[in-house]
Amino acid sequence: MEIRAITPDYAVSPQIEPGDLPAIKAAGYVTVIDNRPDGEIPPHLHTAAMRAAAEALGLTFVANPVIGGALTMDNVTAQAAAIAASSGPVFAYCASGNRSSVVWALANAGKRSTDELIGLPARFGYQLEHLRPQIDALAGG
């Protein structure tokens, strides 16, 4: 597992396993967001198993499955709500970390500059330039 801190309060990662959760908690994260649909992964990594492992450690667990190529505004608003409700830093994961970066950028449209929303994830290889029009549109209202 590699924690990729987009900001001090939000990190993304490729797929994690239950055994990664103690290190995530030790790193200071209090909320874990699962952006991976169960249909993409083996049963031992499904939402129910990950939720049970996270909650057993006292972590808040939020399932917000983002289907590749089929991101919805419900995904964006759910991610924003989970981030806002968190009492501390948030750790989100999907297959590569890209979908977790995309929903973070869209959820923060209007709260940070578009250049920052594209540039921060780019440090980890997540190319979000194609989202510039959507970020700008969301920031504008």
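Preceding this section is the structure that the text describes.
In this report, the structure presented in the accompanying data block is examined. (Residues numbered from 1 in each chain as written. Predicted model: local features only at pLDDT ≥ 70, side-chain atom pairs only at ≥ 80, totals over all residues. Heavy atoms only, no water.)

### A look at the overall build of the chain
The following threshold applies: Segments assigned H or I by DSSP are reported as helices when at least four residues long, segments assigned E as strands when at least two residues long, and all are numbered from the N terminus. Restricting the calculation to C-alpha atoms gives the radius of gyration, and the globule rule supplies 2.2 Å times the number of residues raised to the power 0.38. Only protein chains enter the accessibility calculation, which uses a 1.4 Å probe; a residue whose area is less than 20% of its type maximum is buried, one above 50% is exposed, and one in between is partly exposed. Only heavy atoms enter the contact rule, under which two residues are in contact if any of them lie within 4.5 Å. Here, Shrake-Rupley sampling with a 1.4 Å probe gives the accessible areas, and only protein chains in the shown set may cover a residue. Only four residue types enter the charge count: Lys and Arg as positive, Asp and Glu as negative, with His and the chain ends excluded. The atoms used to mark charge sites are NZ of Lys, CZ of Arg, CG of Asp and CD of Glu.
If you tally the helices and strands in the chain, you get six helices and five strands. Moving toward the C terminus, one meets the helices and strands of the chain in the order β-β-α-β-α-β-α-β-α-α-α. Relative to the compact-globule value of 14 Å for 141 residues, the chain shows a C-alpha radius of gyration of 14 Å, a close match. Referenced to the eigenvectors of the C-alpha coordinate spread, the extents of the chain come out at roughly 40 × 30 × 25 Å. Within the chain, the proportion of its 141 residues that are buried is 43%. Of all intrachain contacts in the chain linking residues separated by at least 6 positions in sequence, the fraction that spans at least 24 positions is 71%. Accessible area for the chain stands at about 6,400 Å²; split by element, carbon and sulfur atoms hold 57% of it. Positive and negative side-chain charges in the chain, numbering 9 and 13 respectively, have mean positions lying 2 Å apart.

### Some points on the nonpolar core
What counts is decided by this rule: The definition of a nonpolar core used throughout is a set of buried Ala, Val, Leu, Ile, Met, Phe, Trp, Tyr and Cys residues joined through side-chain atoms within 4.5 Å.
I6, Y10, W104, A105, L128 and I135 are the most contacted members of the largest nonpolar core, which totals 21 residues. Where this core is concerned, the elements lending two or more residues are strand 2 (10-13), helix 3 (73-85), strand 5 (90-93), helix 4 (98-107) and helix 5 (114-122). Counting residues per element, this core draws most heavily on helix 4, which supplies five residues. Among the nonpolar cores identified, the runner-up in size contains 14 residues, and A11, L21, F61 and Y93 belong to it.

### Quick word on the sheet that holds strand 1 (residues 4-7)
As a reminder of what qualifies: Only when DSSP finds a minimum of two bridges between them are two strands counted as paired. Comment: axis = line fitted to C-alpha atoms, over the contacting stretch for helices; angle = value between 0 and 180 degrees taken between N-to-C directions.
Read from one edge to the other, the open sheet built from five strands follows the order 1-2-5-3-4, with strand pairing classed as mixed. Since the sheet does not close on itself, it has two edges, and those belong to strand 1 and strand 4 (60-63), each with one partner. Going from strand to strand, the sheet's axes swing by 25° on average, the running direction of each strand aside. Where strand 1 and strand 2 come together, three bridges link them in antiparallel fashion. Within strand 2, the residue paired with T7 across the bridge is Y10. On top of the sheet, helix 2 (residues 47-56) reaches strand 3 (31-34), strand 4 and strand 5; it is set at about 165° to strand 4, its chief contact. Its contacts with the sheet place helix 4 against strand 1, strand 2 and strand 5, and it is angled at close to 150° to strand 2.

### Things to note about the packing of helix 5 against helix 6 (residues 132-139)
Selection rule: These descriptions rest on fixed angle ranges, namely under 35 degrees for roughly parallel, over 145 for roughly antiparallel, 65 to 115 for roughly perpendicular, and the rest for oblique. For any pair of crossing helices, the crossing counts as left-handed if the nearer helix is rotated counterclockwise from the farther one by less than a right angle, and right-handed if it is rotated clockwise. Each residue is assigned to one of three groups, with Ala, Val, Leu, Ile, Met, Phe, Trp, Tyr, Cys and Pro labelled nonpolar, Asp, Glu, Lys and Arg labelled charged, and all others, Gly among them, labelled polar.
Relative orientation of the contacting elements helix 5 and helix 6 amounts to 135°, with a least axis distance of 9 Å. The pairing of helix 5 with helix 6 is recorded here as oblique in orientation. Where helix 5 crosses over helix 6, the handedness of that crossing is right-handed. Contacts between helix 5 and helix 6 involve T114, D115, L117 and I118 on the former and, on the latter, R132, I135 and D136. Classifying every residue of the contact of helix 5 with helix 6 by side-chain character gives three nonpolar, one polar and three charged.

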